Amino acid sequence: MKLLITGICGFVGSRLAAYLQEISPGVEIFGIDNLLRPGSEMNREALAKRGVRFTHGDLRLRSDVDALPKCDWVIDAAANPSVLAGVDGRSSPRQLSEHNLDGTLNILEYCREHKAGFVLLSTSRVYSIKALAQLPVEVCDRAFELNPRELRTAGVSAAGINERFSTEPPVSLYGATKLASEVMAREYGLTFQFPVWINRCGVLAGAGQFGTAEQGIFSYWLHAHAERRPLRYIGFGGHGYQVRDAFHPADLAELVSAQLKQDPPEDPVFHVSGGAENAMSLAQLTAWCDERFGKHVPQPDTRPRPFDIPWLVMDHTRAAEHFDWRPKRSLYAILDEIFDHVRHNPGWLAKCGAV
Ligand SMILES: NC(=O)c1ccc[n+]([C@@H]2O[C@H](COP(=O)([O-])OP(=O)(O)OC[C@H]3O[C@@H](n4cnc5c(N)ncnc54)[C@H](O)[C@@H]3O)[C@@H](O)[C@H]2O)c1
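Since this is a predicted model, take the numbers as computed values, not measurements.

Around the ligand, the structure places 32 residues, and the nearest of them are V12, D33, Y174, K178 and L204. One of the backbone nitrogen or oxygen atoms of N34 is found 3.2 Å away from a nitrogen atom of the ligand. The side chain of R37 places a nitrogen or oxygen atom 3.0 Å from an oxygen atom of the ligand. Relative to its unbound accessible surface of 830 Å², the ligand loses 97% to contact with the protein. Counting only elements with at least two residues in the shell around the ligand, the list comes to helix 1 (11–23), strand 5 (117–123), helix 6 (173–192) and strand 11 (203–204). Partitioning the shell around the ligand into residue classes produces 16 nonpolar, eleven polar and five charged.

See below:
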């Protein structure tokens, strides 16, 4: 089987290439990346050593996509993945939609032409920020926790939000490009008869992730803590109680490997995530770091930041039922892996463009 991974020099794309080679022998991997993400060029050599056939190209350019070799499946892992993209002064809304939506459209045209299957790496940020912000939470052990007694919203339980949660705007410009990509992917698949899977991924984390304060938060927090960079608890009273769950790209690879071998159901949208058992607040993460690197106190910054939410945990029950899939790597195992990376890679954040 020939597999094309877009954004192959990114954190997720490069890890998927490595893990899929291990668990799916016989798969031949091709990749494209424009090396837009600071740090992404560091993955080129390792991919070349693995025999991955790399094209330095840009998905926004139809001619770059036209020149790609014919493959059986595409995993779309190319994007500007920051929830602040388009409003952070570093990328414009137009640039964001060119990378995240126009790029996906060009790849869907590729799939139409070659009858290739398509796997979109979508995101938890397709969900309504207003609805998420209104979820009833209480503080327990320095972390926001859902209060089930007050819960009146559809698509959410103590296990997290599920695929039926509201996607009403606002979802952030980033979330909107992903939601629009989902709709177009499903429409292309149905119209031109090629298989489409949509994986709404929770936070992905692991060693070698390019961390910034806006994206790749677990990697950023450990490296920044070790480097004694100033850390901030932004919004929500400045306590760091906000909670996210996380999972490892090796677990994503196991799910994708299963998807490449079967036809998608009528509704091809699945949550892939760490789930409630792999959720943690920033304050709890700081306590974990304090034990390893010595105490380093984040400063409260009570000004709210656009698109921030207090509690977002992704329920992966549907993936568990459909694929018998569960994340095998615990959040603590992931943190240990990043810790090891921190010890062997001083100055990592500067290489990732973190300011
Ligand atoms: N990392 C996470 O926590 C997370 C969570 C949910 C969803 N996702 C999704 O997973 C995918 C991969 O995320 P990541 O964390 O690896 O991000 P990343 O920034 O590490 O990797 C993205 C890669 O895409 C490349 N790229 C961007 N625009 C491109 C273009 N126009 N043409 C070619 N290459 C381009 C970048 O250079 C980069 O190497 C993204 O689609 C993201 O939305 C990631």
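Resuming the write-up.
If you look at the biggest cluster of nonpolar residues, it comprises 33 residues, and the most contacted ones within it are L3, I5, L16, I29, I75 and L252. Within the residue set of this core, elements represented by two or more residues are strand 1 (2–6), helix 1, strand 4 (73–76), strand 5, strand 10 (196–201), helix 8 (249–259), strand 14 (269–272) and helix 10 (317–323). In terms of residues, this core owes the most to one element, helix 1, which gives five residues. I75 has contacts with L3, L4, I5, T6, L16, L20, V119, L121 and V256, leaving out every residue within four places of it along the chain. Counting residues in hydrophobic clusters, the runner-up holds 29 residues, among them F144, L282, F293 and L349.

Turning our attention to helix 1. Between its first and last C-alpha atoms helix 1 spans 18 Å; for 13 residues at 1.5 Å apiece the expected length is 18 Å, and the two agree. Every buried residue of helix 1 is accounted for by F11, V12, G13, S14, R15, L16, A17, A18 and L20.

If you walk across this open sheet you meet the seven strands as 3-2-1-4-5-10-14, and the pairing is parallel. Edge positions in the open sheet fall to strand 3 (53–56) and strand 14, since each of these has one partner strand only. Going across the sheet, the axis of each strand differs from the next one's by a mean of 20°, ignoring polarity. In terms of strand pairing, strand 1 meets strand 2 (residues 28–33) through five bridges, oriented parallel. Each residue of the ladder has a partner; that of K2, found in strand 2, is E28. Lying over the sheet, helix 1 contacts strand 1, strand 2, strand 4 and strand 5, oriented at roughly 160° with respect to strand 1. Sitting on the sheet, helix 4 (residues 93–114) is in contact with strand 1, strand 4 and strand 5, with an inclination near 160° to strand 5.

The rules behind the values
- Residues numbered from 1 in each chain as written.
- Predicted model: local features only at pLDDT ≥ 70, side-chain atom pairs only at ≥ 80, totals over all residues.
- Heavy atoms only, no water.
- Near = heavy atom within 4 Å.
- Polar contact = N/O pair within 3.5 Å; in protein donor to acceptor, adjacent residues only side chain to side chain.
- Areas by Shrake-Rupley, 256 points an atom, 1.4 Å probe, with all protein chains shown as cover.
- Helix = DSSP H or I, 4+ residues; strand = E, 2+ residues; numbered from the N terminus.
- Nonpolar A, V, L, I, M, F, W, Y, C, P; charged D, E, K, R; others polar.
- Core = buried A, V, L, I, M, F, W, Y, C linked by side-chain atoms within 4.5 Å.
- Buried < 20%, exposed > 50% of the residue type's maximum accessible area, 1.4 Å probe, protein only.
- Contact = heavy atoms within 4.5 Å.
- Expected span 1.5 Å × (residues − 1).
- Pairing = 2+ DSSP bridges.
- Axes fitted to C-alpha atoms, helices over the stretch in contact; angles between N-to-C directions.

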